[in-house]
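Structural overview
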Amino acid sequence: MTEEEKIIDLRKKLHDYNYKYYVLSEPAVSDYDFDMLLKQLSELEQKHPELYDPNSPSQRVGSDINQEFEQVEHRYQMLSLGNTYSQEELLDFENRIKKIIDQDVSYVCELKYDGSSISLTYNNGKLTRAVTRGDGTMGDDVTANVKTIKTIPLELQGDDYPAEFEIRGEILMPFSVFEQLNQKRIENDETPFANPRNAASGSLKMQNSSLVAKRNLDCYLYYIPSENSPSDSHEKNLALAKTWGFNIPNHYKKCENINEVFDYISYWDKAKNDLPIPIDGIVVKVDSIDLQNQLGYTSKSPRWAISYKFKAESAETKLIGVDYQVGRTGSITPVANLEPVQLAGTIVKRASLHNSDIIEKLDLHENDYVYVEKGGEIIPKITVVNKEKRADEAKPIQFISNCPECGSELVRSEGEANHYCMNQVNCPPQIKAKIEHFISRKALNIDGLGGETIDLLFQNKLISNIADLYKLRVDDIKPLDRMGEKSAKNIISGIEASKNISYDRVLFSLGIRHVGNTVAKKICESIANIDELIVADFEKLIEIDEIGDKIAKSIIAYFLVPENMQLINRLREAGLQFQMEEKAEAVSDFLNGKKIVISGSFEKYSRDEYKAKIEENGGKNVSSISKNTSFILAGDKIGPSKMQKAEKLGVELVSEQEFLKMIGE
Ligand code: IVH
């Protein structure tokens with residue numbers, strides 16, 4: 001076999017193994033063998049760049065090049081569906097149909113997936129384009145991101161698919177992935193997603209496709225829009241698409257009449273709680289493509305399909321009390337303790353109340369009977385209080401004024417929804433959570449240390465802040481419970497290794513309120529060492545990309561606390577990095593102070609090379625166009641939305657040639 005044949009063979013095998021693993025859930029080879037074959041393929045592809053294939057299985061890992069989404073027009077408009085909430089409304093739907101076509105109608109019922117809709121185009125069996133719904137007429141081209149979703153075939157199976165066609169579906173985040181993702185976001189001081197739908201659409205729009213690949217999105221397909229339908233019925237189309245390798249689970253059902261539709265609905269109203277993915281209703285579609293064409297569309301939606309939305313399940317229960325949790329940054333979250341009640345397949349004992357405004361809005365009183373609901377959100381919420389059952393003497397729930405852990409007075413700043421305990425230095429849960437954050441994977445990633453060990457060290461008074469970690473010795477740790485020489489040494493060498501971690505991650509590790517890892521990176525791109533950051537004033541801070549009032553104020557407040565300054569000095573003495581490594585020597589200052597957006601594709605150098613040139617010549621790369629943008633370095637195929645925005649804000653476009661002249665090349 002030549003290397004070219006080998007590449008083709010490996011691609012074919014890997015497409016097939018991928019389909020069997022992700023779509024059929026029937027792995028054909030072990031994970032290890034799969035990884036080895038993928039590695040072989042990637043190595044061969046690197047050797048043969050002339051055999052590049054945008055749909056190779058190796059492309060599923062995504063790339064870390066920042067992309068801009070081009071706005072493209074949908075070939076067929078992406079319409080929405082009318083909603084119904086009752087059997088009567090579904091009967092109305094059928095009556096409207098019967099007025100147009102006077103005959104019996106059969107339907108296909110499907111689950112209404114609760115994610116982000118997507119339109120995929122295949123040319124000669126290869127995925128060529130993936131576009132979001134957008135406004136229904138134009139959407140974002142998110143092909144690079146979509147290629148990382150393992151259940152979407154990059155190449156189709158069989159040979160009876162149309163030469164060119166579109167297929168629509170929903171990009172989803174399974175509950176298990178959603179929970180893990182939010183867990184990590186909370187650990188990293190990032191706002192958790194409110195529900196799997198937001199998480200899916202947020203992930204789909206990420207600029208770095210290699211990060212999308214890590215989000216483990218899924219995709220379920222449900223419709224082929226076409227003037228030349230592959231078959232004469234929707235059900236047959238789904239079955240055909242399944243043979244081409246699309247992920248079309250068996251939940252759909254052909255119903256011969258509207259009563260069978262009702263049965264399907266009542267079945268899934270219960271069974272939905274056992275699904276691994278979020279759904280928010282049922283979609284009912286006329287099965288015959290001929291009848292679909294006769295029925296046609298209104299300006300907003302097809303007359304041949306409708307959705308039935310499930311009522312959010314709710315249950316009544318009694319409020320036992322309200323607990324207050326103290327977060328790492330001192331934020332206080334009230335949590336309702338409830339008498340256990342069965343709701344949508346689980347027993348609910350607690351509900352988040354988020355902040356004092358929510359308690360006030362609910363007008364929550366002691367021992368109230370409340371309704372809890374699980375909407376798109378995983379954490380149940382209290383929707384309403386049953387005031388009829390309230391005892392006359394019941395007192396309103398008063399938000400606490402002092403920290404439940406250390407007793408300090410709570411503060412609520414203007415514009416903040418949360419109350420905070422300001423005793424950052426001595427409040428035990430804040431201290432422990434700060435240390436846990438400091439050692440966490442995305443922060444200093446200190447090997448051998450975890451929540452339990454931190455607790456142990458804290459209980460034994462060996463550490464009471466992050467800088468104390470650097471005083472620890474093997475002999476201090478060795479005698480502790482469940483420890484020994486080996487684990488103690490492991491911890492010490494992990495702590496030692498943290499001294500090589502870059503300044504942006506050290507800055508993130510400090511746990512300054514509102515400074516997550518993206519913000520920390522942005523700060524370090526503009527202010528490369530901590531001494532300058534300590535003295536930076538409000539104006540200087542808000543000039544930084546993505547830093548607004550709230551973050552700037554929080555940074556200033558952090559450095560005003562003497563104990564925080566002491567910590568920084570001790571960490572510095574311990575040897576941690578407090579400045580970014582020197583960048584490449586500046587070549588010129590031709591672009592001094594210029595904020596430049598790159599868009600389109602270029603001939604002479606790659607985008608990354610142009611980005612480096614901008615920096616070398618004193619300019620700054622910014623990702624989105626604003627009135628502060630100096631100019632746009634515009635290559636070929638610059639997206640129409642970018643053009644419009646540039647025109648609207650009067651930002652100049654500079655061609656590749658003009659730019660090269662500017663920097664003296
Ligand atoms: S069919 C022309 N089928 O619901 C008909 N849509 O409100 C096209 N959706 O934008 C839609 N599951 O994102 C269809 N089984 C399903 C669906 C489904 C979820 C979403 C889709 C669409 C929205 C309509």
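Reading guide: rules and limits
- Residues numbered from 1 in each chain as written.
- Predicted model: local features only at pLDDT ≥ 70, side-chain atom pairs only at ≥ 80, totals over all residues.
- Heavy atoms only, no water.
- Near = heavy atom within 4 Å.
- Polar contact = N/O pair within 3.5 Å; in protein donor to acceptor, adjacent residues only side chain to side chain.
- Areas by Shrake-Rupley, 256 points an atom, 1.4 Å probe, with all protein chains shown as cover.
- Helix = DSSP H or I, 4+ residues; strand = E, 2+ residues; numbered from the N terminus.
- Nonpolar A, V, L, I, M, F, W, Y, C, P; charged D, E, K, R; others polar.
- Contact = heavy atoms within 4.5 Å.
- Pairing = 2+ DSSP bridges.
- Buried < 20%, exposed > 50% of the residue type's maximum accessible area, 1.4 Å probe, protein only.

Attention shifts here to the site of the ligand. Neighbouring residues of the ligand: 13 residues in total, closest E110, S117, E170, Y222 and K285. The separation between an oxygen atom of the ligand and a polar side-chain atom of K112 is 3.3 Å. Within the backbone of Y113, an N or O atom sits 3.0 Å from a nitrogen atom of the ligand. For the ligand, whose accessible area on its own is 530 Å², the fraction buried by protein is 91%. Every element with two or more residues in the shell around the ligand is listed here: β3 (107–113), β8 (218–223) and β10 (279–286). Looking at which element gives the most residues to the shell around the ligand, the answer is β3, with four residues. Looking at side-chain class alone, the shell around the ligand contains seven nonpolar, two polar and four charged residues.

Inspection of the secondary structure assignment puts N55 in the loop between α2 (31–47) and β1 (71–73). In contact with N55, other than residues within four places in its own chain, are H15, K126, L127, K147, L154 and E155.

A few words on the pairing of strand β13 (residues 331–343). As judged from the seven bridges shared by strand β12 (residues 314–326) and β13, these two strands associate in the antiparallel manner. Paired with D323 across the strands is V335, a residue of β13. Joining the antiparallel neighbours β12 and β13 is a turn of four residues, in which G330 adopts a positive phi near 90°. Summarising the sheet, β13 and strand β18 (residues 419–421) pair through two bridges and their orientation is antiparallel. Directly across from I332, in β18, lies its bridge partner H419. Where β13 meets strand β14 (residues 346–352), six bridges bridge the pair, whose relative direction is antiparallel.

This brings us to the environment of S116. On the secondary structure map, S116 appears in strand β4 (residues 116–123). Classification of S116 as buried rests on a relative accessible area of 14%. Spatially, the C-alpha atoms of S116 and G639 are 22 Å apart, while their sequence positions differ by 523 residues. Not counting the four nearest positions on each side in its chain, S116 is found in contact with G169, E170, I171, S201 and L204.

Okay, the pairing of β10 next. In terms of burial, β10 is largely enclosed, as eight of its eight residues are buried. Taken together, the five bridges between β10 and strand β11 (residues 305–309) define a ladder with antiparallel strand orientation. Its bridge partner lying in β11, I282 is registered against Y308.

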